[in-house]
Amino acid sequence: MVSRADAEVVVLPELALSGYFFTSRTELDAVALERSSPILDAIARIAQQQSKAIIVGFPEKDGQRLYNTAVLLGPSGQRHYYRKTHLFYKERLVFDEGNTGFEVVSVVPFDLRIGMMICYDWRFPEAARTLALAGAELIACPSNLVTHIWRMAMPVRALENKVYLAVANRIGSETSGDETLHFNGRSAIYNYNGTVLAELPADTEGIAVAPIEPERTRTKSFNPYNDLFADRRPWAYRIDNSSS
Ligand code: ACM
């Protein structure tokens with residue numbers, strides 16, 4: 001599928017190399033990968049051979065710790081990791097909380113800065129805001145979304161930060177014990193004004209492609225008087241309980 005994607009940046013879903021629904025740490029540990037695993041090396045080679053940046057989710061093993069991680073494998077051999085900060089639902093039973101924070105990577109040799117967040121991170125405006133303030137032009141969001149409400153907020157994350165946002169969301173279902181999770185697809189690429197540039201169906205595997213112009217996100221102004229970042233007033237956002 002990566003070779004069929006006519007794109008320089010390819011975003012795959014959260015935990016794409018393992019599946020999602022783990023309720024036992026032992027079961028997760030059995031499929032978790034170290035950063036230097038053969039499968040990641042193989043995908044890194046594909047990225048270099050095809051001159052693409054590939055972003056893919058996998059369960060990361062680091063000593064005794066297990067993270068819900070996404071890696072950016074760049075066209076020139078670059079690797080950048082993000083460990084999911086906000087753990088969702090039963091992820092709390094099996095994963096350790098991510099400790100990387102939200103960082104932006106400049107993709108060599110593309111003139112493009114990418115920030116990664118994973119799935120439920122969407123629910124925290126601080127995640128996308130931090131990435132945008134750090135210079136992200138495209139936010140890549142590998143996902144395994146099980147609700148529908150994200151479709152209201154994800155485009156807002158793009159427009160409130162004036163960044164492109166690509167959500168790769170899986171389809172299908174997974175069962176653990178007597179519980180089944182249904183994943184609702186609709187992978188999408190949002191423009192920096194929140195409109196949809198490309199979208200996939202809810203129940204069919206596919207590839208969504210859209211052209212982006214990263215330089216357009218480098219100014220945050222949207223009329224001669226307003227600029228999303230210059231207009232921020234951090235002093236007014238402080239919580240001060242001393243007078244109450
Ligand atoms: C999710 O964070 N996988 C919903």
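Residues numbered from 1 in each chain as written. Predicted model: local features only at pLDDT ≥ 70, side-chain atom pairs only at ≥ 80, totals over all residues. Heavy atoms only, no water.

1. So, empty space enclosed by the protein
(1) Moving on: Under the criterion given, the structure shown has one cavity of 30 Å³ or more.
(2) Moving on: Estimated volume of the largest cavity: approximately 40 Å³.
(3) Moving on: Lining the largest cavity are Tyr20, Phe21, Phe22, Phe88, Tyr89, Lys90, Glu91, Val94, Phe95 and Leu181.
(4) Moving on: Looking at side-chain class alone, the lining of the largest cavity contains eight nonpolar, no polar and two charged residues. (1 Å grid on protein atoms, 1.4 Å probe; cavity = no way out; pocket = protein on both sides within 12 Å on 5 of 7 lines; lining within 4 Å. Points joined across faces, edges and corners; volume = space filled by probe spheres on them. Nonpolar A, V, L, I, M, F, W, Y, C, P; charged D, E, K, R; others polar.)

2. Thoughts on helix 2 (residues 38–49)
(1) Moving on: Given a rise of 1.5 Å per residue, twelve residues ought to cover 16 Å, and the 16 Å separating the end C-alpha atoms of helix 2 matches this to within 8%.
(2) Moving on: For helix 2, the complete set of buried residues consists of Leu40, Ile43, Ala44 and Ala47. The buried residues of helix 2 occupy an angular sector of 105 degrees when the element is viewed end-on, so they sit on one face. Looking at helix 2, the residues exposed on the side facing more than 90 degrees away from the buried face are Pro38 and Gln49. (Helix = DSSP H or I, 4+ residues; strand = E, 2+ residues; numbered from the N terminus. Expected span 1.5 Å × (residues − 1). Buried < 20%, exposed > 50% of the residue type's maximum accessible area, 1.4 Å probe, protein only. Arc of directions from axis to C-beta.)

3. A short note on helix 4 (residues 125–133)
(1) Moving on: All of the buried residues along helix 4 are Ala127, Ala128, Leu131 and Ala132. End-on view of helix 4: buried residues confined to an arc of 125 degrees, all on one side of the axis.
(2) Moving on: Buried residues along helix 4 sit against strand 5 (104–106), strand 6 (113–116), strand 7 (138–143) and helix 5 (150–161). (Contact = heavy atoms within 4.5 Å.)

4. Section: the pattern of salt bridges
(1) Moving on: Counted according to the given criterion, the structure contains 19 salt bridges.
(2) Moving on: One salt bridge connects Glu137 with Arg218, and the closest N-O pair in it is separated by 2.8 Å. Note that Glu137 is positioned in the loop between helix 4 and strand 7 and Arg218 in the loop between strand 12 (196–199) and strand 13 (221–223), a separation of 81 residues in sequence.
(3) Moving on: With relative accessibility at 4%, the residue Glu137 sits in the buried group. (Salt bridge = Lys/Arg side-chain N within 4 Å of Asp/Glu carboxyl O.)

5. Some remarks on the packing of aromatic side chains
(1) Moving on: Throughout the structure, instances matching the rule amount to seven aromatic pairs.
(2) Moving on: When the ring of Phe58 is compared with that of Tyr81, the centres are 6.5 Å apart and the planes differ by 70 degrees; the resulting orientation is edge-to-face. Residue Phe58 is located in strand 2 (residues 53–62), and its partner Tyr81 is located in strand 4 (residues 79–83); the two are separated by 23 residues in the primary sequence. Just as Phe58 is buried, Tyr81 falls in that class too.
(3) Moving on: An aromatic cluster is defined as three or more aromatic residues linked by ring pairs; in this entry it consists of Phe88, Tyr89, Tyr120 and Phe124. (Phe/Tyr/Trp six-rings, centres within 6.5 Å; stacked < 30°, edge-to-face > 60°.)

6. Considerations on the environment of Arg238
(1) Moving on: Turning to its location among the elements, Arg238 is positioned in the segment after strand 14 (226–227).
(2) Moving on: Reaching out from Arg238, the side chain makes a polar contact with the backbone oxygen of Trp235 at a distance of 3.3 Å. (Polar contact = N/O pair within 3.5 Å; in protein donor to acceptor, adjacent residues only side chain to side chain.)

7. A short note on the confidence of the model for the chain
(1) Moving on: Residues of the chain with pLDDT of at least 70 account for 99%, and the chain-wide mean is 97.
(2) Moving on: Strand 7 holds the highest mean pLDDT among the elements of the chain, 99, whereas strand 13 holds the lowest, 93. (pLDDT = per-residue confidence, 0-100.)

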